[in-house]
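# A closer look at the structure
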Amino acid sequence: QVQLVESGGGLVQAGGSLRLSCAASEYITSIGSIDVMGWYRQVPGKQRELVASITRGGSTNYADSVKGRFTISRDNAKNTVYLQMNSLQPEDTAVYYCNVPWVGTSGGGVYWGQGTQVTVSA
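Calculation notes
- Residues numbered from 1 in each chain as written.
- Predicted model: local features only at pLDDT ≥ 70, side-chain atom pairs only at ≥ 80, totals over all residues.
- Heavy atoms only, no water.
- Phe/Tyr/Trp six-rings, centres within 6.5 Å; stacked < 30°, edge-to-face > 60°.
- Helix = DSSP H or I, 4+ residues; strand = E, 2+ residues; numbered from the N terminus.
- Buried < 20%, exposed > 50% of the residue type's maximum accessible area, 1.4 Å probe, protein only.
- Disulfide = S-S within 2.5 Å.
- Pairing = 2+ DSSP bridges.
- Axes fitted to C-alpha atoms, helices over the stretch in contact; angles between N-to-C directions.

This part covers the packing of aromatic side chains. According to the stated counting rule, one finds two aromatic pairs in the structure shown. Taken together, a centroid distance of 5.0 Å and an interplanar angle of 70 degrees make the contact between Tyr-40 and Trp-112 edge-to-face. Residue Tyr-40 is found in strand S4 (residues 37-42), and its partner Trp-112 is found in strand S10 (residues 107-112); the two are separated by 72 residues along the sequence. What makes Trp-112 partly exposed here is its relative accessible area of 37%. Ring plane angle 85 degrees and centroid distance 6.5 Å describe the contact between Tyr-97 and Trp-112, whose orientation is recorded as edge-to-face. Linking Tyr-97 in strand S9 (residues 94-104) with Trp-112 in strand S10, this pair joins segments that are 15 residues apart in sequence.

Here is the structure:
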């Protein structure tokens, strides 16, 4: 069963914008609580890297490479996290993954989204 549903990737020219979204299923919130939600990206042959994260209270953290261009936000009522990507550059091309750690009374874990391809052409 898919617990995180991502959408919004695609092909865009350099300088363009895309908005990613990731919705966490009710199952996750039924087994635990979610504080931080984040976005990672990965290109072939490289490690997955953090792009941005946001706490339930709204505190954000960004990779230096995307500061000033990307904005992460969330809707706690919908358990959904968004990534607004502006001024996209070819080096932003990657598969983007939603990341949602959870904590419950019996333990915790991390869910990853299925990944969505973002391709930026020069």
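So, about the state of the cysteines. One way to say it: the disulfide is the covalent bond shared by the sulfur atoms of two cysteines. The final tally for this structure, using the stated rule, is one disulfide. Between the sulfur atoms of Cys-22 and its disulfide partner Cys-98 the distance amounts to 2.1 Å. Between Cys-22 and Cys-98, the S-S dihedral sits near -80 degrees, and the bridge is therefore left-handed. With Cys-22 in strand S3 (residues 18-24) and Cys-98 in strand S9, this residue pair connects regions lying 76 residues apart in the sequence. Each member of the pair, Cys-22 as well as Cys-98, carries the same accessibility label: buried.

Attention now goes to the sheet that holds strand S7 (residues 70-75). Strand order in this open sheet of four strands is S1-S3-S8-S7, and the pairing throughout is antiparallel. Looking at the sheet topology across the chains shown, the edges are occupied by strand S1 (4-7) and S7. Neighbour-to-neighbour, the strand axes of the sheet open up by a mean angle of 15 degrees, direction not taken into account. Note: S7 against strand S8 (residues 80-85), six bridges, orientation antiparallel. Bridging across to S8, Thr-71 finds its partner in Gln-84.

On to the pairing of strand S11 (residues 116-121). Across the two faces of S11 the burial differs, with Thr-116, Val-118 and Val-120 buried and Gln-117, Thr-119 and Ser-121 not buried at all. Pairing of strand S2 (residues 10-13) with S11, which is carried by four bridges, proceeds in the parallel orientation. Its bridge partner lying in S11, Val-12 is registered against Val-120. Of the strand pairs in this sheet, S9 and S11 are connected by three bridges, and their pairing is antiparallel.

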